[in-house]
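Tertiary structure, described
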Amino acid sequence: MIIQAIAIKKTIGGNPLFEELSCQIEAGEKIALVGINGTGKSTFLQILTGAEGVDSGVISRQKGLRIGTVEQELTVSEATVIHYLLHSAANIQELKQQMSHYEALMAEPNTDLEKCLIRYGELQQRFEELGGYGLEDRISAILQGLGIPHRQDARLTELSGGERVKVALAKVLVADADLLLLDEPTNHLDLSSIRWLENYLQNTKKAILVVSHDRHFLDQVTTKTWELEEGALIEYPGNYSRFRVLKEARLAELTKNYELQQKEVQRLKVMIRRFRQWANEGDNEAFFKKAKELERRLAKLTLVKPPAPPKNRLQGLANGGKSGKEVFIVRDLHQQYADQLLFKDSSFAVYRGEHLAIIGDNGTGKSTLLKLLLGEEIPSGGTIKRGSSLQIGYLPQQLQFTAPESRLLAYVQTLTGNEETARRQLAKSGFYQSDVAKRIKDLSGGEKIRLALLKLFLEKINVLILDEPTNHLDSYAREEIEEMLQEYQGTLLAVSHDRYFLQQHFQEALVIEQQQITRQSLSPLID
C-alpha cells in the first residue's frame, strides 16, 4: 500500500461531498476514477496529494512517496521547454550537482581520493538507476510522443494554450514519481499522441489514478475502476468496459434485493397488524408479545436503498425525409490560407444514410472541411456538389442559444407551437418535470447538447454534421448522446477524437493526413 484513505468526510458549501469514504492504492496499480460531473473527482485527487484537506478521516502515505500531478497553470518563465523539463527531474538534478561537487573535489591535491571515488561511484550508480544519462533522450521521446518535438527550444511564454498543457503533462512523465494522479490527461491531444500516452502508461511501473472522459483510453490503460457515487467510492475489477457490465449487474442485484426486502417488510407489517388485532379481540398477551417481537425485527432491518430508476429517455426521435442518393460529391478539393496548405487534390463522395467519421491530427483542417461542406467557406480549388433535398443540421463545438435566459419549456414551446407537444418532445430527449423550469444557461454540457439535438431533430433533418459532440462531457453524458444518435437513420458526419464514440457509430472515416483527404476503414485507425 502506497496511499490510503480511511473514513474521510468532506463538505463543500455546507453540502456533503464524501461520507466515510475509504480506499487504498497499491504500488503499480492502474485505476480509473469515474463519476458524473460534480461528484468530486478532481477534489478527491487534491485530497490524496494533500492540497485539499478533509473534515474528518485519515490519509496515510508511504514514507517518501512521490506523487506526480499535472499543473493547472504552467509556470510563467523565459526558460525553454527543454531546460524546464530537465530541471523538473529534481532527484536527477540533485544527484548531478553532487557528482559535479565530487568531480571538483577529486581535482584538489589534498583530497582523500579513495573516499571520494567510493562516494562518487555510489552517486553515479544512483544517477544511472534513475535514468540520468538518458534524461535528454527521454524528454525528446516524450515531446515527440505528445506531438511538440519542434517546441523544445521555445520559451514557455511563447507556447499556445494547448502546448502548455502538453508541456505540463510532459513534466509529470519526466519526473521520478511513484504515483501519477492524472486529471483528463488526453485533453488537447490528437489520436496519435493519445496512442503514445496509452503505450507509455501501459508500460510504466508507476501507479496511476486517472480521471478521463476518454473511455477507450481508460480501457487501454486501467485494470481497476473506482466510481464516486452519492458520497461513496465503489470498487470494480477491470477496465471501463468491464465496469459497465459489472455495474449493470450490481444495480440489478440491488433492485432484486430491494424488491425482496420490500416484500418482507410488507409481510411483517401485515403480521404485526394481524397479531395486534387478535390480541385486542381475545385480550391475549401472547399475541401482543408476538406483535412487539415482529416490530423489533422490523426496526432492526437495514433498509436497502433502491437504485435510481433509469429514465426512459431518448426514444422515438424524428428523422427527416429522404435526401437524394448523393449527399456530397467532392472533386479535387484544395484549401489553403496564405502559406498554410491544409489539403489538395482530394476527392470523395458521401451517400445517403452513411455514417462517416472525420479524423486527423490537430491542425490538419477537420473543422475547415465541415465548413466547406456546409458552404460556410469557399474552397481554394476544386468543387463540392451538394445533393438534392438535403436538410442539414449542424452541431458546432461551441453551442450558442439565442435566448440563454429562457426556461427550457418556454424555449421548446417556441419550436413546437404548444406546451403539450413541447413537454412530450422534452421527455423524449430526457428532460422531465424537474427539468423544464431550468434556464438554458444553467444546463450542463450534456443537457445543452441534448437540447441542441432536439432542436435539430424537430427540424426534420436528414444530414447531421457534428463537430466534437462529446467534448467536455462526462462518460455518462457521452453515453446519453450516443443513445440519442442510435435513433438517427439519416446521413451522419462527425469530427471526434473520442474513439469509444467512434466505435459506436462509424465503420468508415474521411482521414486527413499528409495534406490529403482519403476514405478509409475506421477500425485499424483507432484500435
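Our focus in this paragraph is the nonpolar core. Within the largest apolar cluster, 51 residues are counted, with the highest numbers of intra-cluster contacts made by Leu85, Ile139, Val167, Leu180, Leu182, Leu201 and Phe217. The biggest single contributor to this core is helix H6 (residues 161-174), with 7 residues. Beyond its immediate chain neighbours, meaning those up to four positions away, Leu180 contacts Gly68, Val172, Leu173, Leu201, Lys206, Ala207, Ile208 and Leu209. Judged by nonpolar contacts, the second largest core, of 41 residues, contains Val412, Val436, Ile440 and Phe501.

Another aspect to go through is the pattern of salt bridges. Within this structure, the stated rule accounts for 29 salt bridges. Between Glu354 and Arg519 there is a salt bridge whose closest N-O contact spans 2.4 Å. One end of the pair, Glu354, is in the loop between strand S11 (340-351) and strand S12 (355-360); the other, Arg519, is in strand S18 (residues 516-521), and 165 residues separate them in sequence. Judged by its relative accessible area of 30%, Arg519 falls in the partly exposed class. In this structure, Lys441 and Glu405 form a salt bridge, with 3.0 Å as the shortest nitrogen-oxygen distance. One end of the pair, Lys441, is in the loop between helix H13 (419-428) and helix H14 (445-458); the other, Glu405, is in the loop between strand S14 (392-395) and helix H12 (408-416), with 36 residues separating them in the sequence. The exposure class assigned to Glu405 is partly exposed, which follows from its relative accessible area of 46%. Several salt bridges converge on common partners, so that one network encompasses Arg215, Arg478, Glu482 and Asp498.

Among the 6 residues of S12, 5 are classified as buried, and the element is accordingly described as predominantly covered. In this sheet, strand S16 (residues 491-495) lies alongside S12 in parallel orientation, the contact comprising 4 bridges. When the bridges of S16 are listed, Ala357 appears paired with Ala494. Summarising the sheet, S12 and strand S17 (residues 508-513) pair through 5 bridges and their orientation is parallel. Along S17, the bridge assignment pairs Gly360 with Ile512.

Let us now look at the sheet that holds strand S2 (residues 15-25). Think of a sheet as strands paired side by side through backbone hydrogen bonds, with each pair either parallel or antiparallel. Spatial ordering of the open sheet is given by S2-S1-S4, a layout of 3 strands whose pairing is antiparallel. What marks the edges here is a single partner per strand, and that holds for S2 and strand S4 (56-61). In this sheet, adjacent strand axes meet at a mean angle of 20 degrees when their direction is disregarded. Bridge analysis of strand S1 (residues 3-12) against S2 gives 7 bridges, and the strand direction is antiparallel. Residue pairing in the sheet places Ile8 in a bridge with Leu21 of S2. Each of S1, S2 and S4 touches helix H1 (residues 41-49); the most contacted strand, S2, lies at about 55 degrees to it.

Within the secondary structure, Glu29 sits in the loop between S2 and strand S3 (30-34). Taking relative accessible area as the criterion, Glu29 reaches 17% and is therefore assigned buried. Separated by 2.8 Å, the side chain of Glu29 and the backbone nitrogen of Glu26 make a polar contact. Filtering out sequence-adjacent residues up to four positions away, Glu29 remains in contact with Gln24, Lys206, Ala207, Ile208 and Lys224.

Spatial ordering of the open sheet is given by S11-S10-S13, a layout of 3 strands whose pairing is antiparallel. Of all strands in the sheet, those with a lone pairing partner are S11 and strand S13 (381-386), marking the two edges. Averaged over neighbouring strand pairs, the angle between their axes works out to 15 degrees when direction is ignored. Relative to S13, strand S10 (residues 326-337) runs antiparallel, the two being bridged by 5 bridges. Bridge pairing links His334 to Gly381 in S13. Contacts from helix H11 (residues 366-374) reach S10, S11 and S13 within the one sheet, and its direction differs from that of S10 by about 125 degrees.

What counts, and at which threshold
Residues numbered from 1 in each chain as written. Predicted model: local features only at pLDDT ≥ 70, side-chain atom pairs only at ≥ 80, totals over all residues. Heavy atoms only, no water. Core = buried A, V, L, I, M, F, W, Y, C linked by side-chain atoms within 4.5 Å. Buried < 20%, exposed > 50% of the residue type's maximum accessible area, 1.4 Å probe, protein only. Helix = DSSP H or I, 4+ residues; strand = E, 2+ residues; numbered from the N terminus. Contact = heavy atoms within 4.5 Å. Salt bridge = Lys/Arg side-chain N within 4 Å of Asp/Glu carboxyl O. Pairing = 2+ DSSP bridges. Axes fitted to C-alpha atoms, helices over the stretch in contact; angles between N-to-C directions. Polar contact = N/O pair within 3.5 Å; in protein donor to acceptor, adjacent residues only side chain to side chain.

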